[in-house]
Amino acid sequence: MDTTLPSGKSVSIQRLNVDFQRSLLAHFDEDNDPITLGLKYIQFVNNYLLSIYPEIKYLDKLFVLNKWVREFSEAKEDNTSEFESINFDNTNTVLINDIDVTINLQQPSVTTENLLLEYLLTKEERDNIDLSFFDNFRFVESINFNSVEHKTTDITVEELYQIYLLFDLTALQKLSDSVNSTLDKISDLRTLEADFSFFIDL
């Protein structure tokens with residue numbers, strides 16, 4: 001399927017096959033908890049897409065997932081035009097320990113996502129706060145506090161995670177609301193990223 005990704009790259013999207021499904025099932029361990037399964041599924045899809053389209057970004061990934069699902073479902077309506085007006089140029093200020101912290105958003109690359117996933121999947125245990133870290137902080141480009149800007153590309157994932165732990169629920173909710181607002185037009189497509197049931201049932 002020849003198509004143009006939201007990032008502007010012209011590519012030929014490979015059709016799903018039995019090997020994709022076999023490899024996906026082999027990626028899971030029988031004793032994985034739901035959070036680990038979800039993160040491993042995202043990691044598998046990321047690696048699969050990176051092997052085909054180097055430097056692929058978040059919106060490109062959702063675009064491809066949507067194409068795959070539409071190919072095998074009865075719903076053939078093309079809603080990919082919704083990607084065109086999404087703008088990640090978004091800045092938020094939250095209060096952390098009585099300090100104003102400015103957060104700039106970005107569209108993450110799939111490679112950036114994998115760095116966070118690798119960190120989380122090497123932990124002995126994972127829970128909902130780890131899922132929240134991935135779901136929100138992959139969109140963070142930089143954090144500015146005490147007049148010092150910290151770009152996420154200049155710090156380790158461990159350091160970024162420790163900053164995340166400083167957020168209270170109010171600050172985290174504000175960041176989450178900003179991400180959700182940015183991606184509101186494709187909110188229905190975002191569920192495809194973490195729902196691997198479709199590919200299991202092919």
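Here, the structure is the one placed above.
One structure accompanies this document, and this report is about it. (Residues numbered from 1 in each chain as written. Predicted model: local features only at pLDDT ≥ 70, side-chain atom pairs only at ≥ 80, totals over all residues. Heavy atoms only, no water.)

### A few points about the overall build of the chain
Part 1: Broken down by element type, the chain carries nine helices and six strands.
Part 2: Burial status across the chain gives 47% buried among its 202 residues.
Part 3: Restricting the contact set of the chain to residue pairs at least 6 apart, pairs at least 24 apart contribute 69%.
Part 4: Just so you have it, the chain exposes about 10,700 Å², and 48% of that area is on carbon and sulfur atoms. (Helix = DSSP H or I, 4+ residues; strand = E, 2+ residues; numbered from the N terminus. Buried < 20%, exposed > 50% of the residue type's maximum accessible area, 1.4 Å probe, protein only. Contact = heavy atoms within 4.5 Å. Areas by Shrake-Rupley, 256 points an atom, 1.4 Å probe, with all protein chains shown as cover.)

### Side note on the pattern of salt bridges
Part 1: One pass over the structure, following the stated rule, counts six salt bridges.
Part 2: Here E113 makes a salt bridge to K61, at a shortest N to O gap of 2.5 Å. Of this pair, E113 sits in helix α4 (residues 110-121) while K61 is found in helix α3 (residues 58-72), placing the two residues 52 residues apart along the sequence.
Part 3: On the accessibility criterion, E113 (0% relative accessible area) is buried.
Part 4: The salt bridge involving E193 is made with R138; its shortest N-O contact spans 2.7 Å. Taken together, the positions of E193 in the loop between α8 (187-190) and α9 (197-200) and R138 in the loop between α5 (128-137) and β5 (140-145) put the pair 55 residues apart, joining distant regions of the chain. When sorted by exposure, E193 lands in the same class as R138, which is buried. (Salt bridge = Lys/Arg side-chain N within 4 Å of Asp/Glu carboxyl O.)

### Quick look at the sheet that holds strand β4 (residues 99-105)
Part 1: Taken in spatial order, the four strands make up an open sheet running β3-β4-β5-β6, and their pairing is antiparallel. The strands lining the two open edges of the sheet, one partner per strand, are β3 (91-96) and β6 (148-151). The sheet shows a mean angle of 25° between the axes of neighbouring strands, taken without regard to direction.
Part 2: Bridge count between β5 and β6: four bridges; the pairing is antiparallel. (Pairing = 2+ DSSP bridges. Axes fitted to C-alpha atoms, helices over the stretch in contact; angles between N-to-C directions.)

### Overview of the pairing of β3
Part 1: Of the two faces of β3, the one holding N92, V94 and I96 is buried and the one holding T91, T93 and L95 is not buried anywhere.
Part 2: Pairing of β3 with β4 involves six bridges; the strand directions are antiparallel. Among the inter-strand pairings, N92 is bridged to a residue of β4, identified as I103.
Part 3: Linkage of β3 to β4, two consecutive antiparallel strands, is achieved through a turn of two residues, within which N97 is found at a positive phi near 50°.

### Quick notes on helix α1 (residues 18-27)
Part 1: Along α1, the positions that sit buried rather than exposed are F20, Q21 and L24. Mapping the buried residues of α1 onto a view down its axis gives an arc of 95°, with all of them on the same face. The exposed residues of α1 that point more than 90 degrees off its buried face are V18, R22 and A26. (Arc of directions from axis to C-beta.)

### Notes on the packing of helix α2 (residues 34-52) against α5
Part 1: Running from N to C, α2 and α5 point in directions that differ by 25°, and their axes come no closer than 10 Å. With respect to α5, the axis of α2 lies roughly parallel. Handedness of the α2/α5 crossing: left-handed. From α2, I35, L39 and I42 reach across to α5, where they touch N128, L131 and F134.
Part 2: Looking at the contact of α2 with α5 residue by residue, the class counts come to five nonpolar, one polar and no charged. (Parallel < 35°, antiparallel > 145°, perpendicular 65-115°, else oblique. Left-handed = near helix turned anticlockwise from the far one by under 90°. Nonpolar A, V, L, I, M, F, W, Y, C, P; charged D, E, K, R; others polar.)

### Topic: the packing of aromatic side chains
Working definition: an aromatic ring pair is given by the centre-to-centre distance plus the angle between the planes.
Part 1: For the coordinates displayed, the defined rule picks out eleven aromatic pairs.
Part 2: A centroid spacing of 5.1 Å and a plane angle of 85° characterise the contact between Y58 and F139, whose relative ring orientation is edge-to-face. Pair noted here: Y58 is in helix α3 and F139 is in the loop between α5 and β5, with a separation of 81 residues, a long-range link. F139 matches Y58 in its accessibility class, with the two residues each being buried.
Part 3: Judged by centre distance (5.3 Å) and plane angle (70°), the ring pair of F137 and Y164 falls under edge-to-face. (Phe/Tyr/Trp six-rings, centres within 6.5 Å; stacked < 30°, edge-to-face > 60°.)

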